Amino acid sequence: MDILVLMKVVPDVVEELEVGSDGKSLDTGFLRTILNERDDHALEQALLLKDKHGGKVTLLTLDAPDIDDVLFTALAKGADRAVKICGAGSVSSTQMAARLFGETIAKTPGLLPVDLVLTGVSAIDDLDGLLAAPIAQKLGWPYAGVVTQATLADKTATVVKEFAGGVRGEYDVPTPAVLGIQAAEKPPRYVPVAKVRAAMKSQTIESVDAPAVEAAAGVEVQQMAKPRVTGHAEMLEGSADEVADKLCELLAKRGLL
Amino acid sequence: MSNATATADSDAGVMTLANLANFPEGRKVFSCMQCGTCAATCPYGDEMGFPPRAIITMLEAGLIEEVFASPGLLNCVTCYACMAKCPRGIKLTEVLLPLVKEQVFTRLKEVPAELQKALENTMRYGNPMGESPRKRALWAKSSPVPVPVISEIKRPVDVLWFVECYPAYHPRGNDANRATAKLFKALGIDFAILGNEEKCAGECARLVGETGLFDMLTDSNVKLLRKYQFKRIVTGGAHAYDAFKRKYPAAGFDFEVHHSTPFFAQHLARIKPKLTKKLDYTVTYHDACALGRHNGFYDEPRALLAAIPGVKLVEMTHSGVNSICCGGGGGGMWLDTYYAAKGYERLSERRVKEALDTGANALAVSCPYEVSRFEDALKVVGGDKRMVVRDVVELLAEAMED
C-alpha cells in the first residue's frame, strides 16, 4: 500500500502578521512559515496506515524556505522518500498549487502508482479546501474530504468523514483515491531532534522542476487589512457596592431592569 | 555531542551505557550495594518501576532494554535526591539517569501531549510556551528600571543577564524580573540582557531525554554569547545556571556564571542598608533542587531573607538536602496532566501542604518554575488565602524604598 502525501507551508500566526506596503499581501519581513497543520495530520495518517499495512510513504511539496527541515522531520518520522517541486517561485494561489501538484504527479516518473494521495483538507490560507479536489479531477480519481479516519483494504479505502454537529459518515472509496485529511486518528507523533539530524545525514531530498502550467484564473486579492476595532469592553471599577450600583444603572438605562 | 561528557580518560570518547566502565564516574555505578536508599528518597519512588538501583541491576544482568521499554523513567523529575543520598557517592542523576532517560525518551511510543508541545515549541520558538521569539524582551518595557539590550547599547557590560523563558514570558516571572532589575540598579551594576536573541537554555529538554534539542540550543546560545563582551553571566533560571555551569562548557562555554540568588547574597552587605521597609511575613524557603542539592546554595537565600526587616524564617519538615522537588524538573513542568491521569499526587501540592503546615504566610523560592507551580498548587489545596509565593528577589525589592 503506497501513499503520496502532499504538503505545503503556510504563514506562522505565532508571529503577528502585518500587511505589506502594497496593501494586498503579507509583509514578508518577519514572516515565518510552518507546515500546514492539516498536512501534518495527513502525514500522520499516512504513517499510521504504513505502520498497519506496510508500503511506502512519499512526500511531495512545493519548494519554500525551510522546506528541507519539514521534509527531513517527516523522513525521520518514517516517510520513505521526499520530493520537492522547484522553480515555481512563490505560489500564492491554491488553484496554482493544485495545478503544480496535479501536473507533477501525473508527469513525474516514479511517483505513481500509489493507493492513496493524502493532503490536508484545508489550510489557514485555503479555508475553502480547494487544493485536493482539482488534483483528484486531474488524476481522474475519486475524492473524499474532511476525513478523520481511514483504513485500507484491497482496492478500497474505508473513510470516516466529519459533518457539522458531531455527525460522522462512513464511506467506501475505490482506490486509488485522493483524501483531504481533517485530522489523523492520533495526534502527529514527536520525533527526537537526534533522529532528524540522522535523517539529514543519511537521506536525500529529490528535486523536480516545476511543470509549465497555465496561469490559474482564480480569486484576485484586492485588499488585505487587519480587523478594525469597533468597540471594546468597559471595565467597571470600584468596590463591590460601587460596581453593583454602576451595573444596575447601566441595566436600567438599557431598559433591562 | 552527547549527554554525558567525559570527565576523565579523555581518550575514552563519549560515555554511553555500553562503555560506562571506561570512565571513573561510570565505574562507580557498579559499586552499588543495592541498599535501596535511592528508591526510598525518590519523590516518585513508588511509581518509578525501575528506581536507580534496579536500573543498575538490569544493566549488570544485560536486561537494560527492558528498562528502556518502560515509560517509568518519565516519572523522574531529576531532583538529585537519589544522588545526594547515595552512600556510595554514585553520580546517579548526573551520569546514569540522563543516559537511561535518553534511551527511554527515544523509545516512547507516544510522547505525552503537553510535553510534546513544549518540546516542539522550544525547538521552533526557543521557548516552551510557543510565544513569539520577537516578544521575548517585551516584559522589559514594563520595568520601572531601564533594561538595556546588549545588541542595542553596543558596548561591553559587567553583567550579562540571561533572563530565561518563564521569567521572560510568564507574568509572575516578569514580576521577578522587575525586582531583579531594581536590585541591579540599587547596587549600581552595569547590566544588559540578550533580548529577543536569547533562547531557552534547554536543561529540562536534556533531562527528559531530548538531548538533540539540548545540543541545538547549547550551540545556538554559546554562539550568541560569543558575539558580546561582558564580565559575567547572571541568571535567575536555576536550571539554566546548572546547565551553564556543568554542561555548556563541553560546547565551548567558558564564562563566569552566577545564579541571581547567590549573586545578590555576595552583595548582602550593600543590600542590607537599603532594606528599609518592614515586611510582615513569616517566610518558609523552598530549596530548589538545582540550586540546593546540586550546587549547595542553602545558606545564601536564607541570609538574604533574614536581612529583610520584619521577616521571620521558619523551616519545613523537609528542607536543605532533604527538600522535596516542586515536580517541575526533568520535563516534569509539562507532565502534570500525565501524572494526574496516572493518579499520582502532584509534587507541588505535596510541597505546599508542608509549607502551610509551618504556619508561614509566604513561601520563598529561587527557581522560576516554582512561582506558578506553587501558586497553582496552593489554589488546588485551598491554601491560597493563607500563603503567598514570592521569589527571593521579589521580597528584597519589596523591602526597598522605590
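Residues numbered from 1 in each chain as written. Chains lettered and ligands numbered in written order. Predicted model: local features only at pLDDT ≥ 70, side-chain atom pairs only at ≥ 80, totals over all residues.

A look at the overall build of chain A
Of regular secondary structure, chain A possesses six helices and 11 strands. Relative to the compact-globule value of 18 Å for 257 residues, chain A shows a C-alpha radius of gyration of 23 Å, a clear excess of over 25%. On the principal axes, the C-alpha backbone points of chain A span a range of 75 × 45 × 45 Å. For chain A, buried positions account for 34% of its 257 residues. (Helix = DSSP H or I, 4+ residues; strand = E, 2+ residues; numbered from the N terminus. Rg over C-alpha atoms; globule rule 2.2 N^0.38 Å. Buried ≥ 20, exposed ≤ 12 C-beta atoms within 10 Å, placed from the backbone.)

Some remarks on the overall build of chain B
Helix and strand content of chain B: 20 helices and eight strands. Viewed in the frame of its principal axes, chain B has a C-alpha envelope of about 65 × 50 × 35 Å. Long-range pairs, those at least 24 residues apart, make up 77% of the contacts in chain B between residues at least 6 apart in sequence. (Contact = placed C-beta atoms within 7 Å.)

Let's talk about the packing of helix α5 (residues 193-202) of chain A against helix α12 (residues 211-226) of chain B
It is the contact of α5 of chain A with α12 of chain B, at a shortest axis distance of 6 Å, that shows an interaxial angle of 80 degrees. Considered as vectors, α5 of chain A and α12 of chain B are oriented roughly perpendicular to each other. Across from V193, A194 and R197 of chain A in α5 of chain A, the residues of α12 of chain B making contact are T211, G212, L213 and M216 of chain B. Partitioning the contact of α5 of chain A with α12 of chain B into residue classes produces four nonpolar, two polar and one charged. (Axes fitted to C-alpha atoms, helices over the stretch in contact; angles between N-to-C directions. Parallel < 35°, antiparallel > 145°, perpendicular 65-115°, else oblique. Nonpolar A, V, L, I, M, F, W, Y, C, P; charged D, E, K, R; others polar.)

A word on the interface of chain A and chain B
If you look at the interface, chain A gives nine residues, while chain B gives 16 residues. In the side of chain A that touches chain B, the residues fall into seven nonpolar, no polar and two charged.

Some remarks on helix α3 (residues 52-60) of chain B
All names here are of chain B. Along α3, the positions that sit buried rather than exposed are P52, R53, I55, I56 and L59. Along α3, the residues classed as buried sweep out an arc of 155 degrees about the axis, all on the same side. Buried residues along α3 sit against α1 (24-29), α2 (37-41), α4 (64-69), α5 (81-85) and α6 (92-107). In the segment just after α3, G62 is the residue with positive phi, at about 75 degrees. (Arc of directions from axis to C-beta.)

A word on the pairing of strand β1 (residues 157-162) of chain B
Residue and element names in this part refer to chain B. Bridging between β1 and strand β3 (residues 230-235) involves five bridges; their strand directions are parallel. Bridge assignment links W161 to a residue of β3, and that residue is V234. Where β1 and strand β2 (residues 191-193) come together, three bridges link them in parallel fashion. Bridge pairing in β2 links V159 to F191. (Pairing = 2+ DSSP bridges.)

Structural notes on the sheet that holds strand β4 (residues 57-62) of chain A
Residues and elements named next belong to chain A. One open sheet accounts for nine strands, arranged β9-β8-β7-β10-β6-β1-β4-β5-β11; its pairing is mixed. Here the strands that pair on one side only, and so sit at the sheet edges, are β9 (168-174) and β11 (206-209). Geometrically, the sheet is characterised by an average inter-axis angle of 30 degrees between neighbouring strands, direction not taken into account. One ladder, built from three bridges, connects strand β7 (residues 143-153) with strand β10 (residues 177-181); its direction is parallel. In the sheet register, V147 faces β10, and the bridge partner there is I181. Against the sheet, helix α1 (residues 37-53) engages β1 (3-7), β4, β6 (116-120), β7 and β10, with an angle of about 145 degrees to β6.

Some thoughts on the domain arrangement of chain B
All names here are of chain B. Per the domain assignment, the segments of chain B are domain 1 (10-107), domain 2 (113-266) and domain 3 (275-398). Between domain 1 and domain 3, the C-alpha centre-to-centre distance is 28 Å. Contact with domain 1, which involves 11 residues of that partner, is made by 13 residues of domain 3. Broken down by class, the residue content of the side of domain 1 that touches domain 3 amounts to nine nonpolar, one polar and one charged. (Domains from an automatic or database assignment.)

Some words on the nonpolar core
One recurring pattern in soluble globular proteins: nonpolar side chains tend to sit buried together. Among the nonpolar cores identified, the biggest contains 183 residues, and V5 and L179 of chain A together with L363 and L396 of chain B are the most heavily contacted of them. Not counting residues up to four positions away in its chain, the partners in contact with L396 of chain B are A179, L183, F264, I271, L275, L304 and I308 of chain B. (Core = buried A, V, L, I, M, F, W, Y, C linked by C-beta atoms within 7 Å.)

A closer look at unusual backbone geometry
The omega angle of the peptide bond from L112 of chain A to P113 of chain A is 5 degrees, so this bond is cis rather than trans. Tracing the backbone through its elements, the reader meets P113 of chain A in the loop between α3 (94-107) and β6. Here T175 of chain A and P176 of chain A are connected by a cis peptide whose omega angle stands at 5 degrees. Among the secondary structure elements, P176 of chain A is positioned in the loop between β9 and β10. Notably, T78 of chain B is not glycine yet its phi reads approximately 40 degrees, a positive angle. Examined against the element boundaries, T78 of chain B turns out to sit in the loop between α4 and α5. The exposure class assigned to T78 of chain B is buried, which follows from the 28 C-beta atoms found within 10 Å. Look at E164 of chain B: it is not a glycine, yet its phi comes out positive at around 80 degrees. Along the chain, E164 of chain B falls in the loop between β1 and α9 (165-169). Taking the number of C-beta atoms within 10 Å as the measure of exposure, E164 of chain B has 26 and is therefore buried.

Points about the packing of helix α18 (residues 347-357) of chain B against helix α19 (residues 368-381) of chain B
All names here are of chain B. Orientation of α18 relative to α19, taken along the N-to-C sense of each, is 75 degrees, at an axis distance of 8 Å. Classified by the angle their axes make, α18 and α19 are roughly perpendicular. In this structure, α18 contributes S348, E349, R351, V352 and K353 to the contact, and α19 contributes R373, F374, A377, L378, V380 and V381. Taken together, the residues of the contact of α18 with α19 break down into six nonpolar, one polar and four charged.

Topic: the environment of N19 of chain B
Residue and element names in this part refer to chain B. Note on placement: N19 falls in the segment before α1. For N19, a count of 13 C-beta atoms within 10 Å corresponds to the partly exposed category. With 116 residues separating them in the primary sequence, N19 and K135 have C-alpha atoms 44 Å apart.

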